[in-house]
Amino acid sequence: MTAPITPQPPITVRVFTQRLSSTPRGARLARHLALNQLHAWGVPHGSDVSEAVAVIVAELAANAVTHGRVPGRDFELRLSLPTGSVRIEVTDTRTEPRPPKPGDVRPPDPLDDHGRGLVLVDALADRWEVVDREPMGKTVRAEVDLPSGRIRPQA
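Residues numbered from 1 in each chain as written. Predicted model: local features only at pLDDT ≥ 70, side-chain atom pairs only at ≥ 80, totals over all residues. Heavy atoms only, no water.

K.L.:
How should I be thinking about the pattern of salt bridges in this particular structure?
P.N.:
If you walk through the whole model with that rule in mind, you get seven salt bridges. Here K138 ties to D92 by a salt bridge, and the two come within 3.0 Å at their closest N and O atoms. On the criterion of sequence distance, the pair formed by K138 in strand β5 (residues 138-145) and D92 in strand β3 (residues 85-92) is long-range, its members being 46 residues apart. Residue K138 is classed as buried on the basis of its relative accessible area of 5%. Here R127 and D145 are joined by a salt bridge, their closest N and O atoms 2.6 Å apart. In this pair, R127 is assigned in strand β4 (residues 127-132) and D145 in strand β5, connecting sequence segments 18 residues apart. For D145, a relative accessible area of 33% corresponds to the partly exposed category. Salt bridges here are not isolated pairs; linked through shared partners, they connect R78, E89, E129 and R141. (Salt bridge = Lys/Arg side-chain N within 4 Å of Asp/Glu carboxyl O. Helix = DSSP H or I, 4+ residues; strand = E, 2+ residues; numbered from the N terminus. Buried < 20%, exposed > 50% of the residue type's maximum accessible area, 1.4 Å probe, protein only.)

What follows is the structure, given as structure tokens:
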């Protein structure tokens, strides 16, 4: 005897992936694409989540093209909507230098003209981490929680 088949609702996976040139133009485009994709998923422009994701993508993409650039190789932006959050992943093909881990980020000297990107990521992301990429490179992954009940991403 077999159990009756229970119909399951379809699962909609919301993932956006784009490879971009490791240039300042590619970093700017990453931010614009992220904002447009969030809007398409039902996270409106100008919302707290949208603004936080925009800054995080801008900083991680800028780091990828500045510190993770390998001539002739692109970086990758990946956005996804796991339950209750927006996940941002920026991957480059350079293994070193590795950014500091969460909790190890220190504010720069006030007169320094660089070094604030990960401070912003650390402040705006609810969670973030640096993971190795196989065969080479690294991914910085950050998540921003969606306010419960206020934003309902569309399929």
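Once the structure has been displayed, the description carries forward.
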